[in-house]
Amino acid sequence: DGEPTVEKVYLFTQNGEVISDFYYALLSSEIDEANRVIQNVRSVYRETRNNKKGFSNYYYKSDNCLYLACPVLDEQMEEQGEVIFEINLESLKNIMKDVDYYENAFWMIRAEDSVIIQKSAGDIEVPNEVLKNMGHSEPVTASIEGKEYRLYNQDLCLGVSVSLGIPEDYAIRILYDSIDI
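Draft legend 1. Broad picture of the packing of aromatic side chains. The full count for this structure, using the stated rule, is six aromatic pairs. Taken together, a centroid distance of 6.0 Å and an interplanar angle of 65° make the contact between Y10 and F22 edge-to-face. Placement of the pair is Y10 in strand β1 (residues 6-13) and F22 in strand β2 (residues 18-22), with a sequence separation of 12 residues. Taken as a pair, Y10 and F22 share a single burial class, namely buried.

Structure below.
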């Protein structure tokens with residue numbers, strides 16, 4: 001508790017000028033290392049962007065950090081630069097920890113192309129066809145590894161979504177326990 005989810009933010013112009021802000025104060029040696037890492041992330045993002053059409057986002061996972069890069073556009077939808085967020089994955093795990101209390105439950109954070117960025121510690125493998133059919137506003141049920149699950153999906157910003165699954169028997173028990181007879 002109390003950990004920041006976004007630890008660092010970098011705003012780049014097209015010519016590479018940068019404004020940055022950090023949640024924690026950093027030593028000058030830490031700033032140099034952070035700048036080196038973020039320049040590498042930006043370089044790969046720009047190379048990836050040059051090979052794609054449209055305004056796609058870029059995700060890079062390193063150790064316990066997720067770097068999320070996306071374009072900054074003006075009123076005419078012309079790219080003016082990039083913004084890169086450094087996200088603390090431990091903080092995301094902490095936010096989702098309540099799901100882990102249910103046996104065989106799972107959660108995952110996915111990118112827009114269904115790439116799993118982070119997931120719960122369990123070893124449940126969710127088939128791609130189940131991921132593709134998950135509702136975006138209403139829960140759905142599906143069979144995973146021979147067990148019925150109630151699945152939820154919430155689209156967030158920047159092409160990221162959070163998905164979770166709770167065994168159907170737990171979901172029914174929760175509903176039953178919430179009814180006062």
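Draft legend 2. Spatial organisation of the sheet that holds strand β10 (residues 161-167). Strand order in the open sheet made by the five strands is β7-β6-β10-β9-β8, with antiparallel pairing throughout. Both outer strands of the open sheet, β7 (116-119) and β8 (140-144), are each paired with one neighbouring strand and no more. Averaged over all adjacent pairs, the angle separating strand axes in this sheet is 30°, with direction ignored.

Draft legend 3. Looking closely at the environment of Y45. Structurally, Y45 can be placed in helix α1 (residues 28-50). On the accessibility criterion, Y45 (1% relative accessible area) is buried. Between the C-alpha atom of Y45 and that of A69, which follows or precedes it by 24 residues, the distance is 7.1 Å. For Y45, the contacting residues outside a window of four places in its chain are S56, N57, Y58, A69, C70, P71 and E82.

Draft legend 4. Here's a closer look at the layout of surface pockets. In this structure, the largest pocket spans a volume of roughly 280 Å³. Residue lining of the largest pocket: 15 residues in total, with T5, I87, L92, L156 and V160 positioned closest to the centre. When the residues that make up the lining of the largest pocket are grouped by side-chain class, the tally is 14 nonpolar, one polar and no charged.

Draft legend 5. Region of interest: the environment of V83. Mapped onto the elements of the fold, V83 is located in strand β5 (residues 79-88). The class for V83 is buried, based on a relative accessible area of 12%. Residues within four places of V83 in sequence aside, it is in contact with V9, Y10, L11, L68, A69, C70 and V72.

Definitions and cut-offs
- Residues numbered from 1 in each chain as written.
- Predicted model: local features only at pLDDT ≥ 70, side-chain atom pairs only at ≥ 80, totals over all residues.
- Heavy atoms only, no water.
- Phe/Tyr/Trp six-rings, centres within 6.5 Å; stacked < 30°, edge-to-face > 60°.
- Helix = DSSP H or I, 4+ residues; strand = E, 2+ residues; numbered from the N terminus.
- Buried < 20%, exposed > 50% of the residue type's maximum accessible area, 1.4 Å probe, protein only.
- Pairing = 2+ DSSP bridges.
- Axes fitted to C-alpha atoms, helices over the stretch in contact; angles between N-to-C directions.
- Contact = heavy atoms within 4.5 Å.
- 1 Å grid on protein atoms, 1.4 Å probe; cavity = no way out; pocket = protein on both sides within 12 Å on 5 of 7 lines; lining within 4 Å.
- Points joined across faces, edges and corners; volume = space filled by probe spheres on them.
- Nonpolar A, V, L, I, M, F, W, Y, C, P; charged D, E, K, R; others polar.

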